Amino acid sequence: MLKELSYFLKTLNYIQLDTNLQEFTVFFQLENSFVNVIHVVDTTKNPYVNPDEYRHIVEKTEWQFRDRGLSEVHSLSFIISEDLERAEAFAGDVVFSWILCQNSLFIPKNHAEDFYGIRRKLEEFLQNPQVPEEYEENNVKYDWTGKRSYKSIKDRPLSNHFFFLLNVFVFTLCTFTGDLLYTKGVMGVESVIDMKQWYRLFTSMFLHAGIDHLVSNMLILFFLGDIVERILGHGKYFFLYLLAGLGGNLLSLWFSYGINDKTESLGASGAVFGMIGALLWLLIRNKGRLETMSISKVLFLIGYSAYYGLQSTNVDNMAHLGGLVSGFILCVLLYHKKSAKNRKVAAR
């Protein structure tokens, strides 16, 4: 039953907390300053787990989230049991606790009748609890802040970290070489089109005009790029980053050529906006939420960046737009989520 619940909660954009608890599995959903927490207590695995221990775990989990600055913590418990009477005694006066027995939902008298609309969805799911064959129970876990926990180095977003470190390394190198790398690597109409130095379409992606320019790009890349790579995988993300950056630079170059603008440009913004465009498509395909991100958050980021770019000088807005569109289109091509109709399922 735990596997089915794990899959069900994942479809509602809950993520699993990384703990060392055996009988208690904790799922949570972060939203700004509050968090919804669901504790799954499997009494069938350990019939000797007692109500006092259950209450202690629930209270401890709530305080752990509050200690991290979350003003509101809303909790619900699913008690899995084969003995309904024992489960009701186990739940006691914990109002936000429901019982799952023989694939049916039981809500004790005077307990909460709903929890943010989850009751109806759960009852519908329990009528035919299907789980895709490829779904792995508890395969991904997260820490208290919603950041993924990794079992090995291979599970980490290696491509995103590589690009992050490469950008920092090149910027550091520029501080020792003066204008040398900028002279050889920035992109412009004269250098690329007139002089046929097409390699600058790539080298300019790893050059930044100053520390503020670097930090603004790397902050977005570090926090959001990790999410995209976890979904797409190392290889696909590697090529998406490079091709989205190339797409941004091509649009920028085409626009500059059309208006006869000789200004040179540089920066990872095209690739970074490509990642944002990819994340937008991933959110669309995953019902509007993915880990701690939502469509509204990404749209706000895009809107704010567009406003800032239009209000500022020396900002390559065409590279931003080209990267955003390229990343979105590339992700449409690279990410293939199986539809419910084509999934192979295994019912208990």
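This text gives an overview of the structure that appears in the document. (Residues numbered from 1 in each chain as written. Predicted model: local features only at pLDDT ≥ 70, side-chain atom pairs only at ≥ 80, totals over all residues. Heavy atoms only, no water.)

1. Structural notes on the overall build of the protein
Here comes step 1: Summing up its helical and strand segments, the protein has 13 helices and 12 strands in all.
Here comes step 2: In the protein, which comprises 348 residues, the share counted as buried stands at 47%.
Here comes step 3: Accessible surface, the protein: about 18,200 Å² in total, of which carbon and sulfur atoms supply 57%. (Helix = DSSP H or I, 4+ residues; strand = E, 2+ residues; numbered from the N terminus. Buried < 20%, exposed > 50% of the residue type's maximum accessible area, 1.4 Å probe, protein only. Areas by Shrake-Rupley, 256 points an atom, 1.4 Å probe, with all protein chains shown as cover.)

2. Comments concerning the nonpolar core
Here comes step 1: Among the nonpolar cores identified, the biggest contains 42 residues, and Val-228, Tyr-241, Leu-279, Val-298 and Cys-331 are the most heavily contacted of them.
Here comes step 2: Only helix 5 (158-177), helix 9 (211-232), helix 10 (234-258), helix 11 (269-285), helix 12 (295-311) and helix 13 (317-334) provide two or more residues apiece to this core.
Here comes step 3: Tallying contributions element by element places helix 11 first for this core, with 11 residues.
Here comes step 4: Aside from chain neighbours lying at most four places away, what touches Tyr-241 is Phe-163, Asn-167, Phe-206, Leu-221, Ala-268 and Ala-271.
Here comes step 5: Listed in part, the 23 residues of the second largest apolar core include Leu-2, Leu-12, Tyr-14 and Ile-80. (Core = buried A, V, L, I, M, F, W, Y, C linked by side-chain atoms within 4.5 Å. Contact = heavy atoms within 4.5 Å.)

3. A closer look at helix 4 (residues 118-127)
Here comes step 1: Residues of helix 4 that are buried include every one of Ile-118, Leu-122, Phe-125 and Leu-126, and no others. Take helix 4 and look down its axis: the buried residues cluster within an arc of 95°, on one side only. (Arc of directions from axis to C-beta.)

4. A closer look at the packing of helix 11 against helix 13
Here comes step 1: Here helix 11 crosses helix 13 at 40°, and the two axes come no closer than 6 Å. It follows that helix 11 is oblique to helix 13 by the angle criterion. The chirality of how helix 11 crosses helix 13 is right-handed. Between helix 11 and helix 13, the residues in contact are Ser-269, Gly-270, Phe-273, Gly-274, Ile-276, Gly-277, Ala-278, Leu-280, Trp-281, Leu-282 and Ile-284 and Ala-319, His-320, Gly-323, Leu-324, Gly-327, Phe-328, Cys-331 and Val-332, respectively.
Here comes step 2: Residues belonging to the contact of helix 11 with helix 13 are distributed by class as follows: 12 nonpolar, seven polar and no charged. (Axes fitted to C-alpha atoms, helices over the stretch in contact; angles between N-to-C directions. Parallel < 35°, antiparallel > 145°, perpendicular 65-115°, else oblique. Left-handed = near helix turned anticlockwise from the far one by under 90°. Nonpolar A, V, L, I, M, F, W, Y, C, P; charged D, E, K, R; others polar.)

5. Remarks on a negative patch on the surface
Here comes step 1: Taken together, the side chains of Glu-82, Asp-83, Glu-85 and Glu-88 define an acidic patch exposed on the protein surface.
Here comes step 2: Note on placement: Asp-83 falls in the loop between strand 4 (72-80) and helix 3 (84-91).
Here comes step 3: Relative accessible area serves as the criterion here: at 39%, Asp-83 is assigned to the partly exposed category. (Patch = residues over 30% accessible without salt bridge, like charges linked within 9 Å, V, L, I, M, F, W, Y side chains within 5 Å. Salt bridge = Lys/Arg side-chain N within 4 Å of Asp/Glu carboxyl O. Lys, Arg positive; Asp, Glu negative; His and termini not counted. Charge placed at Lys NZ, Arg CZ, Asp CG, Glu CD.)

6. Digging into the pairing of strand 2 (residues 24-31)
Here comes step 1: Where burial is concerned, most of strand 2 is hidden: seven out of the eight residues are buried.
Here comes step 2: In this sheet, strand 2 lies alongside strand 1 (residues 15-16) in antiparallel orientation, the contact comprising two bridges. Residue pairing in the sheet places Ile-15 in a bridge with Phe-28 of strand 2.
Here comes step 3: Taken together, the eight bridges between strand 2 and strand 3 (residues 34-42) define a ladder with antiparallel strand orientation. What sits directly across from Phe-24, in strand 3, is Val-41. (Pairing = 2+ DSSP bridges.)

7. Some thoughts on the sheet that holds strand 2
Here comes step 1: Spatial ordering of the open sheet is given by 1-2-3-4-5-6, a layout of six strands whose pairing is mixed. Of all the strands in the sheet, the pair left with one neighbour each is strand 1 and strand 6 (104-106).
Here comes step 2: In this structure, strand 5 (residues 97-101) lies alongside strand 6, joined through three bridges in antiparallel fashion. Counterpart to Leu-100 in the pairing with strand 6 is Leu-105.

8. A word on the pairing of strand 4
Here comes step 1: Most of strand 4 is tucked away, with eight of its nine residues classed as buried.
Here comes step 2: In terms of strand pairing, strand 3 meets strand 4 through nine bridges, oriented parallel. Among the inter-strand pairings, Val-40 is bridged to a residue of strand 4, identified as Phe-78.
Here comes step 3: Note: strand 4 against strand 5, four bridges, orientation parallel. Within strand 5, the residue paired with Ile-79 across the bridge is Ile-99.

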